[in-house]
Amino acid sequence: MSGQKDGHTAAHLQVTVLLFAGLRERLGADRSEQTVAAGTTVADLYAQMFPVGPQGRLPVMFALDQCYVSGTTALHDGAEVAFIPPLGGG
Amino acid sequence: MIFLTHAVLDEPTLRAAVTHSGAGAVLVFHGITRDNFQGRTVTRLSYEAYEGMAEAQMTAIAREAEARWPGVRVAIGHRLGVVPVEEASVIIAVSAPHRGDCYAASRFAIDTLKARVPIWKKEHYADGAEWKANKESGHGVDVGEIEER
């Protein structure tokens, strides 16, 4: 973890957001490096990156480090976050 | 055997992965691509995945089925990229000592895959394209067990 280096408080976290399907197309990128305040949850980050538009916000599930988590889960420095749009596999 | 591939899915390989001398039943489920959706003609379908997590979820589903129905073995292959109409996007092979558990485990595996495995399907029509959601997709409902980190 790099958040505590040089003795500073980890006031900000660096996270990598992976984007898929319609969200990838909306941002025009399949990943995005984000700097967020400590205490930010995965749902907070989704709301920041995808403000509610005229058609509302796509309902997503949240993954942190490749596991499903609830939206209230706090981010950590170095996290791999994914917003999981409605699934279409099978 | 659990995998994602951009190649054609090979049914005999998946079937062989679960077939053994103690099995009394083998079922091989093929999910295949369809050329229409609600009256619109689909010209092309393509799939993309969150690959590491998708393989982890597919593995977890196989292990859950094997724990719930003793003696069951499950193998899953899912195709990515463009999948031509009538070809398999997913094949799930299941063996069991007896047919009842084989049917139950096969049904569990495909239903749970549709709800939990991070794979997306885009349907292309003559006049546009759309990301299609499974009705089983766990959005807005309980996704079952949230994994401990």
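Reading the values: rules and limits
The residue count restarts for each chain, going from 1 along the sequence in the order it is written. For this description, chains carry letters from A and ligands carry numbers from 1, given in the order in which they are written. A pLDDT threshold of at least 70 governs which residues receive local features in this predicted model, and a stricter bar of 80 or more applies before side-chain atom pairs are shown or counted, although totals over entire chains, interfaces and linings include all residues. Each helix corresponds to a stretch of at least 4 residues labelled H or I by DSSP, and each strand to a stretch of at least 2 residues labelled E; elements are numbered beginning at the N terminus. Counting other C-beta atoms within 10 Å of each residue's C-beta, where C-beta atoms are placed from the backbone, gives the exposure class: buried for 20 or more, exposed for 12 or fewer, partly exposed between. We call two residues in contact whenever the C-beta atoms placed from their backbones are within 7 Å. pLDDT gives the predictor's per-residue confidence on a scale running from 0 to 100. A pair of strands counts as paired when DSSP detects no fewer than two bridges linking them. All axes are obtained by fitting lines to C-alpha atoms, using only the stretch in contact for helices, and the reported angles, taken between N-to-C directions, cover 0 to 180 degrees. Under the convention used throughout, the expected extent of a helix is 1.5 Å for every residue step, that is, one less than its residue count.

For the overall build of chain B, give the residues involved together with the corresponding values.
The helix and strand inventory of chain B stands at three helices and nine strands. Mapped in sequence order, the helices and strands of chain B form the string β-α-β-β-β-α-β-β-β-α-β-β. A buried classification covers 35% of the 149 residues belonging to chain B.

Any chance you could break down the overall build of chain A for me, citing the residues and the numbers?
When you go through chain A residue by residue, the secondary structure sums to two helices and five strands. Helices and strands in chain A line up, N terminus first, as β-α-β-α-β-β-β. Long-range contacts, defined as pairs at least 24 residues apart, comprise 54% of the intrachain contacts of chain A with a sequence gap of at least 6.

Mind laying out the confidence of the model for chain A, listing which residues take part and the relevant values?
Counting all residues, the mean pLDDT for chain A is 89, and 87% of those residues have values of 70 or more. In this model, residues 1–8 of chain A is a region of pLDDT below 50 whose contacts with residues beyond four sequence positions or in other chains number eight contacts.

Mind laying out the sheet that holds strand β1 (residues 2–5) of chain B, listing which residues take part and the relevant values?
All names here are of chain B. Spatially, four strands are ordered β1-β5-β7-β2 in an open sheet, and the strand pairing comes out mixed. Only two strands of the sheet have a single partner each, and these edge strands are β1 and β2 (25–32). Taking the axes of each pair of neighbouring strands and ignoring which way they run, one obtains an average angle of 10 degrees across the sheet. Bridge analysis of β2 against strand β7 (residues 88–96) gives eight bridges, and the strand direction is antiparallel. Paired with G31 across the strands is V90, a residue of β7. Its contacts with the sheet put helix α1 (residues 11–18) on β2, β5 (73–79) and β7, and the angle it makes with β7 is roughly 25 degrees.

So what's going on with helix α2 (residues 51–68) of chain B? Which residues, and what values?
In a regular helix each residue adds 1.5 Å, so 18 residues correspond to 26 Å; α2(B) covers 26 Å between its end C-alpha atoms and thus fits that length. Among all positions of α2(B), only B:M53, B:A54, B:Q57, B:M58, B:I61, B:A62 and B:A65 are buried. Turning to α2(B), the residues buried within the fold contact β3 (61–64) of chain A together with β1, β4 (40–49), β5, α3 (99–116) and β8 (119–125) of chain B.

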